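Chain residues, written in single-letter form:
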Amino acid sequence: MIIKILLIAAALGVAVLVLREEVPGQREASRRAAGLLVVLAGIIAVLWPDLTTTVANAVGVGRGTDLVLYLLVTVFAYSALATAQRIHRLQHDVTVLTRELALSQAPRSGGGELPLRPEAGTAVGSAAPQEHP
Amino acid sequence: MSIDDVCIIVPVYNEAQTVATTVSDLLQSFDHVVCIDDGSGDGSAELARAAGATVLRHAVNQGQGAALRTGFDYVLLHTASSYVVTFDADSQHLVEDARRMVDRARAEDVDVVLASRFTGCTERMPLIRELILRTAVRFTRMTSRLKVTDTHNGLRVLSRRAVQRIDLRMTRMAYASELLDAILPAGLTYVEEPVTVIYTDYSRAKGQRNSNAFNILFDLAVSRLRAAP
């Protein structure tokens, strides 16, 4: 019974994360700590195999293997999401860089002699470069 | 008579077949044509430059929304243009339509003139495309509260004020809806002008896939959900 509540909470948690720009726990320190924790848990589970079943029974799951599987699915969903969002942010950064590069290399007077604004460099999008002689 | 206070922005992505004609046609009526080459690999940028356009280049393909935004920033930074026209490079649009829309923007002093292929005459539009576009129109009429009859038409006229106020974040095709949704909140005025859109075999092969409608909806839904909290 307890496991049902935990798993539904985890699923809802993932749903909330989908809607957020950034998954929490993305800082270097938290990721390293989580990684070490997983290693530790793995060693303990290998040394005392029955322990997973004991924990499983405590939360209402029959077998330790099942509990491990549930944990795996939850962690996988979280990590897939975190990765997708990281890629999304990188994509955004690439767009900003590409646009800025295009603007900074723009011909000042190419085909058709564009009239320059007297007070150029005002009121532009945040990503636009602002270098004017 | 050539128009010199209007900047035409043409997003270009692998349009080697049509970009030179598009640019030279435009230059007959307008003094300033700026092509944003969105990382083309077929020499479109050189062709556009040879045809007389100012060419800005995205080193990597970033999508039409990003290309237009780069064009808008360029206009604000480097030109004194009073109006900006967005114009597709695949020779779907007619230069005379763009001219008429600019005239109308001036005459009626509106910020945005949108082109509509559904009140104008549209040649050789595939039925399935028409169904998808009409659904998109219904959806956009709800979200943007604009009384428009066409929503994903690449031909638009924007006043300088409109370019300053509309901030596009969508990089791919969803920018078209984003732009429309921003018009009323930004306090801008708009009208719709009937135009001709020519569906050639080339533009059909080059243009948006119908399945992309799903991607557009998805992009919009996610951005809306993210904006909510």
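The model shown is predicted, which means the values in this text are computed figures rather than measured ones.

Engineer: Looking at this structure, how should I read the overall build of chain B?
Structural biologist: The number of helices and strands found in chain B is nine helices and nine strands. For a compact globule of 229 residues, the expected C-alpha radius of gyration is about 17 Å, and chain B comes in at 16 Å, within 12% of that figure. Seen through its C-alpha atoms, chain B measures out along the principal axes to roughly 45 × 35 × 35 Å. For chain B, the residues scored as buried account for 49% of the 229 residues in total. Restricting to contacts in chain B with at least 6 residues of sequence separation, those with at least 24 account for 77%.

Engineer: Hey, could you run me through the overall build of chain A in this one?
Structural biologist: What chain A contains, in helices and strands, is four helices and zero strands. Along the chain direction, N to C, the helices and strands of chain A fall in the order α-α-α-α. Counting only contacts in chain A whose residues sit at least 6 apart along the sequence, the fraction spanning at least 24 positions is 57%.

Engineer: Which parts of the structure should I look at to understand the pairing of strand β1 (residues 3–12) of chain B?
Structural biologist: Two faces make up the sheet, and in a regular strand the side chains alternate between them. Residue and element names in this part refer to chain B. Taken across its 10 residues, β1 has eight buried, putting it largely inside the fold. Here β1 runs beside strand β2 (residues 30–38); their pairing, made up of seven bridges, is parallel. Considered in β2, the bridge of I9 is made with V34. In this fold, β1 hands off to helix α1 (residues 19–29), which returns the chain to β2; that crossover is right-handed. Two elements, β1 and strand β4 (residues 83–86), share four bridges in a ladder whose sense is parallel. Looking at β4, one finds that V6 is bridged to Y83.

Engineer: Would you mind showing me how to read the sheet that holds β4(B) here?
Structural biologist: Hydrogen bonding along the main chain pairs the strands of a sheet, whether they run parallel or antiparallel. Residue and element names in this part refer to chain B. Strand order in the open sheet made by the seven strands is β3-β2-β1-β4-β7-β5-β8, with mixed pairing throughout. Since the sheet does not close on itself, it has two edges, and those belong to β3 (54–58) and β8 (190–194), each with one partner. Averaged over all pairs of adjacent strands, the angle between strand axes in this sheet comes to 20 degrees, irrespective of strand direction. Its contacts with the sheet put α1 on β1 and β2, and the angle it makes with β2 is roughly 155 degrees.

Engineer: For this particular structure, what's the right way to read the environment of B:I3?
Structural biologist: Residues and elements named next belong to chain B. With respect to the helices and strands, the residue I3 is situated in strand β1. Sequence-wise, I3 and V102 are 99 residues apart; in three dimensions their C-alpha atoms are separated by 9.6 Å. Non-local contacts of I3, meaning those with residues more than four positions away in its chain, are made with S29, F30, D31 and V102.

Engineer: Please explain the packing of helix α1 (residues 2–19) of chain A against helix α4 (residues 64–104) of chain A as it appears in this structure.
Structural biologist: A pair of packed helices can be characterised by two numbers: the angle between their axes and the separation between those axes. All names here are of chain A. Contact geometry of α1 with α4 gives a least axis separation of 10 Å together with a crossing angle of 10 degrees. One finds that α1 runs roughly parallel with respect to α4. Within the contact between the two elements, α1 uses I3, L7, A10, V14, L17 and V18 and α4 uses Y70, T74, A77, Y78 and L81. Considering only residue class, the contact of α1 with α4 consists of 10 nonpolar, one polar and no charged.

Engineer: Before we go on, may I ask you to explain helix α3 (residues 64–78) of chain B in this structure?
Structural biologist: Counting along an α-helix, one turn takes 3.6 residues, and residues three or four places apart therefore face a common direction. The end-to-end C-alpha distance of α3(B) is 21 Å, a good match for the 21 Å that 15 residues give at a rise of 1.5 Å each. Most of α3(B) sits inside the fold, with 15 of its 15 residues counted as buried.

Engineer: Honestly, unusual backbone geometry in this entry has me stumped. Any pointers?
Structural biologist: Residue and element names in this part refer to chain B. Although it is not a glycine, N14 sits at a positive phi angle of roughly 50 degrees. Relative to the assigned elements, N14 resides in the loop between β1 and α1. Look at N14 and you get partly exposed, because 17 C-beta atoms sit within 10 Å. Even without being glycine, D109 reaches a positive phi, approximately 55 degrees. Here D109 shows up in the loop between α4 (95–108) and β5 (112–116). You can call D109 exposed: it has 9 C-beta atoms within 10 Å.

Engineer: Is there a simple way to think about the nonpolar core in this case?
Structural biologist: Across soluble globular proteins, nonpolar side chains show a tendency to be buried alongside one another. Residue and element names in this part refer to chain B. Residues I8, I9, V34, C35, A48 and V85 are the most contacted members of the largest nonpolar core, which totals 66 residues. The biggest single contributor to this core is α3, with eight residues. With residues up to four places along the chain from it excluded, the contact list for I8 reads L26, F30, H32, V33, V34, V85 and F87.

Engineer: Mind showing me how you'd approach the environment of B:D181 here?
Structural biologist: All names here are of chain B. For D181, the location among the structural elements is in helix α7 (residues 175–183). As for D181 and M142, which are separated by 39 residues in sequence, their C-alpha atoms are 9.6 Å apart. Once you skip the residues sitting within four places of it in the chain, D181 turns out to touch T143 and S144.

Engineer: Can you walk me through the packing of helix α5 (residues 127–144) of chain B against α7(B) in this structure?
Structural biologist: Residues and elements named next belong to chain B. Put simply, α5 and α7 touch, their axes get as near as 9 Å, and they point 35 degrees apart. Judged by the twist between their axes, the crossing of α5 over α7 is right-handed. Side by side, α5 and α7 meet where T140, T143 and S144 of the first sit next to S177, L180, D181 and I183 of the second. The residue makeup of the contact of α5 with α7, split by class, is two nonpolar, four polar and one charged.

Here is what the cut-offs are and how they apply
- Residues numbered from 1 in each chain as written.
- Chains lettered and ligands numbered in written order.
- Predicted model: local features only at pLDDT ≥ 70, side-chain atom pairs only at ≥ 80, totals over all residues.
- Helix = DSSP H or I, 4+ residues; strand = E, 2+ residues; numbered from the N terminus.
- Rg over C-alpha atoms; globule rule 2.2 N^0.38 Å.
- Buried ≥ 20, exposed ≤ 12 C-beta atoms within 10 Å, placed from the backbone.
- Contact = placed C-beta atoms within 7 Å.
- Pairing = 2+ DSSP bridges.
- Right-handed = clockwise from strand over helix to strand, strands pointing away.
- Axes fitted to C-alpha atoms, helices over the stretch in contact; angles between N-to-C directions.
- Parallel < 35°, antiparallel > 145°, perpendicular 65-115°, else oblique.
- Nonpolar A, V, L, I, M, F, W, Y, C, P; charged D, E, K, R; others polar.
- Expected span 1.5 Å × (residues − 1).
- Core = buried A, V, L, I, M, F, W, Y, C linked by C-beta atoms within 7 Å.
- Left-handed = near helix turned anticlockwise from the far one by under 90°.

Everything listed here is a matter of coordinates, which is why it stays silent on function.
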